[in-house]
Amino acid sequence: MKTKFIIPFLAFTLLFSNSTFSNSVSNNDPEKDRVIVYVLKNILSRYHYVQKELNDDFSEHVYNTFIDGLDPSKRYFTQEDLKEFSKYKYQIDNQLRDTKIDFYKLVYNRFLEKLGTAKKTYRSLLLEPFNYKKDEVIDVDYDKIPFAKNDSELINYWRKQLKLSILSRIEDAENQQKEKAKKDKNFKKKTFTELEKEARKEVLKNMNDLYQRIDELENSDWYSTFLNSVVSGFDPHTTYMSPRRKSRFDQEMSGKLEGIGARLQKKGIYTHIVELISGGPAWKQGGLEPDDIILKVAQGDKKPLDIVGMRLDDAIKFIKGKKGTEVRLTVKKKIDGSIKVIPIIRDVVELEETFVKSSIVEKNGKKYGVINLPRFYIDFNDLSRRDAAKDMEKEIERLKQENVKGLVIDLRDNGGGSLKTAIEIGGLFIKQGPIVQVKYRNEQPVVKNDTDSKIQWDGPLVVMVNEFSASASEIFAAAMQDYKRGVIIGGKQTYGKGTVQNVLPINRFYEKYPSDLGALKMTIQKFYRINGGSTQIEGVYSDVSLPSRFSYMEFGERDLDGALPWDKVQQAKYSTTNSYTNFADVVYNSKQRVMKNDKFKKINEYAKWLKKNQDERIYSLNYNKFKEESDKKSKEGEKFKEVFKFDSNLTFDSPKYELSLFKKDTVLKEKRIAWHKNLKKDIYINEALNVLSELKMNKNYTIVKH
């Protein structure tokens, strides 16, 4: 039964997946809300990897997570509110069984009241200057500080948070004045009073903008937060996706959308064009430019719809549309303020930054290829379209034609994606054999093999990872490490996400419901290395560990509440490649270089300093002391000012096939030039190339069986 609906993938949305402001479900439809809870409860109990009992512990998790999701900075609720809410603290599990949402309704309605009060509070507090000579502090570790005892203490919380924002802005303004005075002797500095007034005005504007965005949210947005509080009780990567969020997820996974090909941003009440996507319909046609304002949207020759004041997600819904359809935008031009109607025929838009790209560099008289893979993308709705595996195979072929002698695969910040493409990409570097093992709840692991005997690349290989390389990235890196096919270089360990999620449309389980109920992204499997170990929690440990700014930071799967535990299964039957004659020597040499390198020493020192600052969460609200503490940190930070300043003196170029594209697409050319400049200044890429250049292939290829 499972195989009928399961399309495995490894989600790359690792952080902020339960974002309060990201989802939309309905327009206050109580019946729909109850239906979604009913279906989610049944899907999770039947198919989730973990068999979870809905008990008091689960109820407490939902209780705490939902309240924290609405009020992470302790700005709205008081202990008096929590006392009232607490009657449901151990009853939510019972309510879910009965498909009731009384807890949600109580907290949500109180939250709406508090939002109205909050707007009055910050506006009133910002009318007059604060006392900046008063000796007081603020603790911004909101996970640990208690909720305010009552409304009076809550106002004091607000006062301190606003005061901290103002102090920070005053300090920034004073520092800017100092710099300007150094360059211009006639520069006239503003007084503290003048700077304070400007800072207060700026904070007021930012708060007004924030609450304008909050006012645009509907019951459905907040209800999504509640639903995610429920499903996260099973594990951190199980999330509810509203229809709108599901559409966005599909776009991220496939790297394409159907529309006009423009990035939009809400500024005040207006929808602005931020960027035209190169190769998209708007870019090809011309007429639309960055900073133009869209006033109205018409579908072909139908009556135009005024979108001024409309929330951005809703505006986008009208602007996007199926390939081949026409949209007519009434636009206020940035250049002269004129009003124009611009018709555009929608088309498929590919998001270039999603896809594989490569560069060629010469080192010690030999050419090497650097391939950047941002994510393991695929279009689940049309498997015949481009995906990460097809593009990777094609890119390697192009680099082979240019006679590169080794490859660096850069998976830094790659949060994962499709399991299918991870397996296929792993198969490009071995003859055939297992790549990963996957396991359902209470079942034996299943070995997923590369069955194609073709090896797309049999030369030297280095795989770059960091602390944000996760999921599918870890599958590929672990396979290359277990086969001893390449050197893994980067952060001490990768993110540690060893679970597989499946996206299930909720309507599939409740077909009679007339409207879209959204989808559940649910953990259905754990995956394991072919050596039997899990990457869950542990991640993949690099063969060569390079210090980074994140070396001592707390994040990753191991720091998530409710993360599934590490375990192991039986090792798969596989044969390590005996690819290199000097693998151990190359790894040793690199470790020695890193240990002796002053730059890496400095980066390690910087990472420790960042960790120390991260742990310091208390700030003085006396301006002189605040400035003194800030100056001290700035002076400490000065010695790290150029910690990442580096020049490899290497030249990175695009492969030949891209040169013809640049003639038509200058935006792509500019992006590649910027990327190549960054590669030249990247100390991590430089060490990866050092390793790559030392690797020597074993001419007498043998296999060591396991």
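Parameters and conventions
Residues numbered from 1 in each chain as written. Predicted model: local features only at pLDDT ≥ 70, side-chain atom pairs only at ≥ 80, totals over all residues. Heavy atoms only, no water. Helix = DSSP H or I, 4+ residues; strand = E, 2+ residues; numbered from the N terminus. Buried < 20%, exposed > 50% of the residue type's maximum accessible area, 1.4 Å probe, protein only. Contact = heavy atoms within 4.5 Å. Areas by Shrake-Rupley, 256 points an atom, 1.4 Å probe, with all protein chains shown as cover. Lys, Arg positive; Asp, Glu negative; His and termini not counted. Charge placed at Lys NZ, Arg CZ, Asp CG, Glu CD. Salt bridge = Lys/Arg side-chain N within 4 Å of Asp/Glu carboxyl O. Core = buried A, V, L, I, M, F, W, Y, C linked by side-chain atoms within 4.5 Å. Patch = residues over 30% accessible without salt bridge, like charges linked within 9 Å, V, L, I, M, F, W, Y side chains within 5 Å. Domains from an automatic or database assignment. Buried area = accessible area lost by both parts, 1.4 Å probe. Phe/Tyr/Trp six-rings, centres within 6.5 Å; stacked < 30°, edge-to-face > 60°. Lys NZ or Arg CZ within 6 Å of the ring centre and 35° of its normal. Pairing = 2+ DSSP bridges. Polar contact = N/O pair within 3.5 Å; in protein donor to acceptor, adjacent residues only side chain to side chain. Axes fitted to C-alpha atoms, helices over the stretch in contact; angles between N-to-C directions. Parallel < 35°, antiparallel > 145°, perpendicular 65-115°, else oblique. Left-handed = near helix turned anticlockwise from the far one by under 90°. Expected span 1.5 Å × (residues − 1).

All right, on to the overall build of the protein then. Each helix and strand counted, the protein has 20 helices and 24 strands in total. Its C-alpha atoms give the protein principal-axis dimensions of roughly 80 × 75 × 55 Å. Every one of the 706 residues in the protein was classed for burial, and the buried ones make up 53%. For the protein, contacts bridging at least 24 residues in sequence account for 78% of all contacts bridging at least 6. When the accessible surface of the protein is totalled, it reaches about 33600 Å², and 49% of it is carbon and sulfur. Here the protein contributes 126 positive and 103 negative side-chain charges, whose respective centroids are spaced 2 Å apart.

The next subject is the pattern of salt bridges. Scanning the model with the defined rule gives 54 salt bridges in all. Taking the shortest distance from any N to any O, the salt bridge between R244 and D314 comes out at 2.9 Å. Taken together, the residues span a long stretch of sequence, with R244 in helix α9 (residues 243-254) and D314 in helix α11 (residues 312-319) at a distance of 70 residues. D314 shares its class with R244; the two are buried. Put simply, D81, E84, R110, E113, K114 and D151 are held in one network by salt bridges that share partners.

What follows covers the nonpolar core. With 79 residues, the main nonpolar core has F429 and L689 as its most contacted residues. No other element matches helix α20 (residues 683-694), which puts seven residues into this core. L689 has contacts with V361, K363, Y368, V370, V408, L650 and F652, leaving out every residue within four places of it along the chain. By size, the runner-up hydrophobic cluster in this structure holds 77 residues, among which are V35, Y47, L217 and L504.

What follows is about a nonpolar patch on the surface. Judged by side-chain polarity, I269, Y270 and V308 come together as a nonpolar surface patch covering roughly 220 Å² of accessible area. Summarising the element assignment, Y270 is placed in strand β5 (residues 270-276). With a relative accessible area of 33%, Y270 lands in the partly exposed category.

Segmentation of the protein into domains returns domain 1 (53-233), domain 2 (256-350) and domain 3 (353-694). Relative to domain 3, the C-alpha centre of domain 2 lies at a distance of 35 Å. Each partner contributes residues to the interface: domain 2 has eight residues there, and domain 3 has nine residues. Summed over both sides, the interface of domain 2 with domain 3 buries roughly 700 Å², with 44% coming from carbon and sulfur. Counting across the domain 2 and domain 3 interface gives one salt bridge.

Using the criterion set out here, one finds 33 aromatic pairs in the structure. Judged by centre distance (6.0 Å) and plane angle (35°), the rings of Y580 and F583 are tilted. No difference in accessibility class separates Y580 from F583, as the two residues are buried. Within the aromatic cluster, the residues linked to one another by ring pairs are Y63, F66, Y88, F103, Y104, Y108, Y223 and F226. Sitting above the plane of the F147 ring, K74 keeps its charged end 4.8 Å from the centroid. If you follow R398 out to its NZ or CZ, it ends over the ring of Y657, 3.6 Å from the centre.

Turning our eyes to something else, we now look at the pairing of strand β18 (residues 499-505). Within β18, six of the seven residues are buried, leaving the element largely enclosed by the surrounding structure. Pairing geometry for β18 and strand β19 (residues 519-528), over seven bridges, is antiparallel. Bridge assignment links N502 to a residue of β19, and that residue is M522.

Here D391 shows up in helix α12 (residues 388-401). Along the primary structure D391 and V356 are separated by 35 residues, whereas in three dimensions their C-alpha atoms are 6.5 Å apart.

Among the secondary structure elements, E136 is positioned in the loop between α5 (102-125) and β1 (137-139). At 2.8 Å, the side chain of E136 forms a polar contact with the side chain of R159. Within the structure, the side chain of E136 is placed 2.7 Å from the side chain of K163, a separation counted as a polar contact. If near-sequence neighbours (up to four positions away) are discounted, E136 is found in contact with R159, K160, K163, Y619, S620, L621 and N622.

Let's shift gears to the packing of α5 against helix α8 (residues 219-231). Geometry of a packed helix pair, given as the angle between the helix axes and the separation of the axes. The geometry of α5 relative to α8 is characterised by a closest axis approach of 11 Å and an angle of 130° between their N-to-C directions. Taken together, the axes of α5 and α8 lie oblique to each other. Between α5 and α8 lies a crossing whose hand is right-handed. Along the contact surface, α5 presents F103, Y104, Y108 and F111, while α8 presents N219, W222, Y223 and F226.

We now examine α20. Its twelve residues give α20 an end-to-end C-alpha distance of 17 Å, which sits within 8% of 16 Å, the value for a rise of 1.5 Å per residue. Burial analysis of α20 places ten of its twelve residues in the buried class, the great majority of the element. Considered for burial, the residues of α20 that qualify are I683, Y684, I685, N686, E687, A688, L689, N690, V691 and L692. One side-chain oxygen at the N-terminal end of α20 lies 2.9 Å from the backbone nitrogen of Y684; it belongs to D682.

Along its 18 residues, helix α1 (residues 30-47) runs 26 Å from first to last C-alpha, staying within 8% of the 26 Å computed at 1.5 Å per residue. Of all the residues in α1, the buried ones are K32, D33, V35, I36, V37, V39, L40, K41, I43, L44 and Y47. Each element contacted by the buried residues of α1 is listed here: α4 (92-97), α8, β2 (239-241), β18 and β19.

Attention now goes to the environment of D102. Turning to its location among the elements, D102 is positioned in helix α5. For D102, a relative accessible area of 30% translates into the label partly exposed. On a C-alpha basis, the gap between D102 and S229 in space is 15 Å, while along the polypeptide they are 127 residues apart. Not counting chain neighbours up to four residues away, the residues in contact with D102 comprise Y88 and Q95.

On to unusual backbone geometry, then. Its identity is not glycine, yet D413 carries a phi of approximately 65°, on the positive side. Overall, D413 belongs to the exposed group, its relative accessible area being 51%. One non-glycine residue, N649, adopts positive backbone phi at about 60°. The residue N649 is located in the loop between α17 (623-638) and β23 (652-653) in this model.

So, on to the sheet that holds strand β20 (residues 544-545). Read from one edge to the other, the open sheet built from seven strands follows the order β20-β17-β16-β13-β12-β11-β23, with strand pairing classed as mixed. Strands with a single pairing partner mark the edges of an open sheet, and in this sheet they are β20 and β23. Against the sheet, α20 engages β11 (357-363), β12 (366-372), β13 (407-410), β16 (461-465), β17 (487-490) and β23, with an angle of about 155° to β16.

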